[in-house]
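Understanding the architecture of this molecule
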Amino acid sequence: MKNAIIILGAVLLSSSLTAQLKLNPKNIDAVIKEMTIEEKANMLVGYTFGKSYWGLPTNPDPNAGAIVLGAAGNTAKNDRFGIPHTVFADGPAGVHISAERPNDPQKYYCSGFPIGTLLASTWDTELVNAIGSTFGSEVKEYGVDVILGPGMNLMRNPLCGRNFEYYSEDPFVSGLIAAAIINGIQSKGVGVSAKHFAANNQEGNRTHNNVIASQRVLRELYLKGFEIMVKKSQPWTIMSSYNYINGVYTQESEDLLTTILRDEWGFKNLVLTDWTNTRNTAAQVHAGNDLLTPGNAEQIKQIGDGLKNGSISMADVDRNLKRILEYIVKTPRFNGYKFSNNPDLKAHAEIIRKAAPQGMVLLKNEGNVLPLASSMKKVALFGHTSYHLYAGGSGSGDVNKPYVVDLVEGLKNAGIRIDDTLNTVYSKYRDYAHHEAESEMGAFSSSSYFPRPRVKEPQMGIFTYANAAERNEFAIVTVGRSSGEGNDRAFEDFNINADELDMLKQTYEAFHKKGKKVIVILNVGGVIETAPVQKYSDAILLAWQPGMEAGNSIADVLTGKTAPSGKLTMTWPEALADVPSTKNFPNGLTWRDEIFVKQDEINKMPNLGETRYDEGLDVGYRYFQTAGKKTAYPFGFGMNYTQFEYANASVKEKNGVYTASVTVKNIGKLSSREAVQLYITAPKGKLAKPVYELKAFGKTKELQPGESQKIEMTFTNYYLASYDESEQAFVTDKGVYVAHFAASADDIRQNVNFKAVAQTVKCHDVLKLQP
Ligand code: BGC
């Protein structure tokens, strides 16, 4: 009897001890040991609160109702171990959540930040880092734990529909800018998900597209930015992409997610899938795709069954689970942070307004028409986008912003009057065009997720232009483009169309007849044709999609309140056909086709089932500079309201780290900032290489006329290397290198020779080219 009581006591004690085991950062292994198979399987799969993706069964939840409405997903919870759900919301241009909640008068608007491309065009890692911490505080105050961004795929071709979310055609720019924003966001104690890893460079058939690329091309271009980013910022999570690389889904690739990402680069944190239907669950788990998102009940069952029948190993599951729990214990939600649901949007708007001009690019400024003379007070605004600026793109990268300042308002705030007659004409036209566009969308018009068809410019007679030129002191013509997730841009989206050409030409001719100037604003998320714009303008400002303060930021630049100091992070070709990858890029498949055409058929279509990266390293300036091919505007190009002189360039080495420095002096009449680029030419060796490649960059502070600043840029011997497939290694050749200190890829100002020693960094023979 006594023994029985002791045994019963021990059982009760141990079960009460079990019940008391609550997760904390120090007992993760013990919690894992304690979990049942079902509990483990549950934690490895994301949680969707009754939201059903692709009609699959979701995780059943007795308390259905999202924690943060409109967020993209969550991790599962486990009450027994005190593990709460944590929340993932989309980015990257702001926190993507619903602005409205049922029976709640409060609005949950989020700041609309400038698109990723504009941020990169600042070439300013400090500024991007500061934007990141502003963004991070908003993430935290809305109760979100991880923002699903930054997007950092390479801009392989101008037509990729999501290029606006991305940074550059160059992996150094992508990697360094991504690291800067991640360090900023994560400094607030929330996480990011750097996406989409990897080679997700087109939207056409993105979930089934097989990327065929050589190991060298992958290593030097499509993986390099991620490598730099991982080493400089250790993001809390990385999102594996939808596509295949050389025949293997990235989400199922141990080579990519474990061998390269963790073993070679030292990534320590969590990998989650892009929002995917059930795939080969066992392969995903084994590859090191720790968390399956958004997640469904079928996947939970497959993991549980797999563990029981041995097709999924306990070691893999425990390893993935450990990374999930290590992530969870870092989150604000786990740590009981009391979020306010009330970030300081006003203060953030001020930051956004001042930041955007630093990434706007002045492409033309004939006769210094900009900044506008203070006497210029009356403007004729052409182009429907002038009256309705695009602050960002569509899809998951869109944000429910409280407002977007359009150009009318922005100019008004700057004391410039708008021509009323044109304002009336355009507002009527917009109502009509908007209605047309919505009816073309049919049943899909209720969703703001899908990109809208391009709205044509109204056809106006010669007298409208002549009268406007009579009434006003100058003209602004805005050319706008918007694109988004799930859809690549078509050729006509790149080209200036007949209706736009007519508007540009008529405005230019009418205003020039009166000796008045025409300024063109490009409110675009990606590269477009510019020859006609160049021809029919006095000045061109590439404003990108600058976030919710759009009109104010643009007006600040036009009036000279803030100088535009952005430079291009991608080449602007004269024609799409000049870009080598255009041969192997889809054209014409829309999201609607993807819904209505059978997957098998899509997979057979050119550059949809399979995309061969036959252009190899001939991407962007690497091609244009090496081939001596003319561009509309080269990589790194951007004019300024002043001029800068470069002097005293030098390169010094210490322990394999090179410091390149140059003194930049403002020799013009207005204050501004200069983005300095460092390109390196390697000595002739075994491998053919681009003529030069960017390895570092820097940006001056605001320099007053006559003021100078020494800019220092660092790089390491390792980053001088090219990938030699015969050795499966990054090999730095010994010899004399040339450092080019440049204002753009086409405008080298100073050259310095320096010596490097040989170095070989062995890698694994993985991601082999599929024949
Ligand atoms: C997109 C991701 C996004 C996710 C969640 C996917 O379709 O590709 O970028 O984060 O959805 O909304």
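Residues numbered from 1 in each chain as written. Predicted model: local features only at pLDDT ≥ 70, side-chain atom pairs only at ≥ 80, totals over all residues. Heavy atoms only, no water.

Rules: UniProt positions are given in the numbering used here, feature names are shortened, and annotations may be inferred rather than shown by experiment.
For the protein, the name recorded in an unreviewed UniProt entry is Glycoside hydrolase family 3 C-terminal domain-containing protein, with Flavobacterium ginsenosidimutans as its organism. According to its UniProt record, the protein has this under Sequence similarities (unreviewed entry): "Belongs to the glycosyl hydrolase 3 family."

1. A short note on empty space enclosed by the protein
Put simply, the rule is: Points on a 1 Å grid over protein atoms alone make up a cavity when a 1.4 Å probe fits among them but cannot get out, and a pocket when they form an open set with protein on both sides within 12 Å along at least five of seven lines; lining residues each have an atom within 4 Å of a point. Grid points are joined across faces, edges and corners, and a volume is the space filled by probe spheres set on the points. Following the grouping adopted for this structure description, the nonpolar residues are Ala, Val, Leu, Ile, Met, Phe, Trp, Tyr, Cys and Pro, the charged ones are Asp, Glu, Lys and Arg, and the polar ones are all others, Gly among them.
Applying the stated criterion to the full structure yields eight cavities of 30 Å³ or more. Computed from the structure, the largest cavity encloses a volume of approximately 140 Å³. Surrounding the largest cavity, 18 residues form its lining, M155, P158, E169, M570 and T571 being those nearest its centre. A per-class count over the lining of the largest cavity returns nine nonpolar, seven polar and two charged.

2. Brief notes about unusual backbone geometry
Peptide bonds are mostly trans, and most non-glycine residues show a negative phi. This is how it is decided: Strands here mean DSSP runs of E at least two residues long; helices mean DSSP runs of H or I at least four residues long; both are numbered from the N terminus.
The omega torsion across G91 and P92 is 0 degrees, close enough to zero to call that bond cis. With respect to the helices and strands, the residue P92 is situated in the loop between β2 (87–90) and α4 (116–121). The omega torsion across G149 and P150 is 5 degrees, close enough to zero to call that bond cis. Mapped onto the elements, P150 comes out in the loop between β3 (146–148) and α6 (171–186). Positive phi, close to 60 degrees, is recorded for A199, a residue that is not glycine. Following the sequence through the fold, A199 ends up in the loop between β4 (191–197) and β5 (210–212).

3. Structural notes on the site of the ligand
As a reminder of what qualifies: Here a residue is near a molecule or strand as soon as one of its heavy atoms is found within 4 Å of it. Within 3.5 Å is the distance limit for a polar contact, defined as a pair of N or O atoms, with the added protein rule that one can donate a hydrogen and the other accept it, and that residues adjacent in sequence qualify only through two side-chain atoms. For the area figures, the Shrake-Rupley method with a 1.4 Å probe applies, and any residue is considered shielded solely by the protein chains shown.
Taken together, 13 residues lie around the ligand, and D90, R162, H196, D274 and E485 are the ones closest in. Contact between the ligand and D90: an oxygen atom at 2.4 Å from a side-chain N or O atom of the residue. Note that an oxygen atom of the ligand is positioned 2.7 Å from one of the side-chain N or O atoms of E485. Look at the ligand: alone it shows 310 Å² of surface, and the protein chains cover 92% of it. Considered class by class, the residues forming the shell around the ligand number five nonpolar, two polar and six charged.

4. Brief notes about the sheet that holds strand β19 (residues 675–681)
What counts here: Strand pairing is assigned whenever DSSP identifies at least 2 bridges connecting the two strands. Helix axes use the C-alpha atoms of the stretch in contact, all axes being lines fitted to C-alpha atoms, and the angles between their N-to-C directions lie in the range 0 to 180 degrees.
Pairing is antiparallel across the open sheet formed by four strands, whose spatial order is β20-β19-β24-β25. Looking along the sheet, the strands with just one partner apiece sit at the ends: β20 (693–699) and β25 (747–756). On average, each strand axis in the sheet is tilted by 25 degrees relative to the strand beside it, whichever way the strands run.

5. Points about the side chain of N153
The condition is simple: Residues count as neighbours in contact if any of their non-hydrogen atoms are within 4.5 Å of one another.
Within the secondary structure layout, N153 lies in the loop between β3 and α6. One polar contact links N153 to Y166, side chain to side chain, over a distance of 3.3 Å. From its side chain, N153 meets the backbone oxygen of H196 in a polar contact 2.7 Å long. When sequence neighbours within four positions are dropped, the list of residues in contact with N153 reads Y166, S168, K195, H196, A198, A199, N200, N201 and F226.

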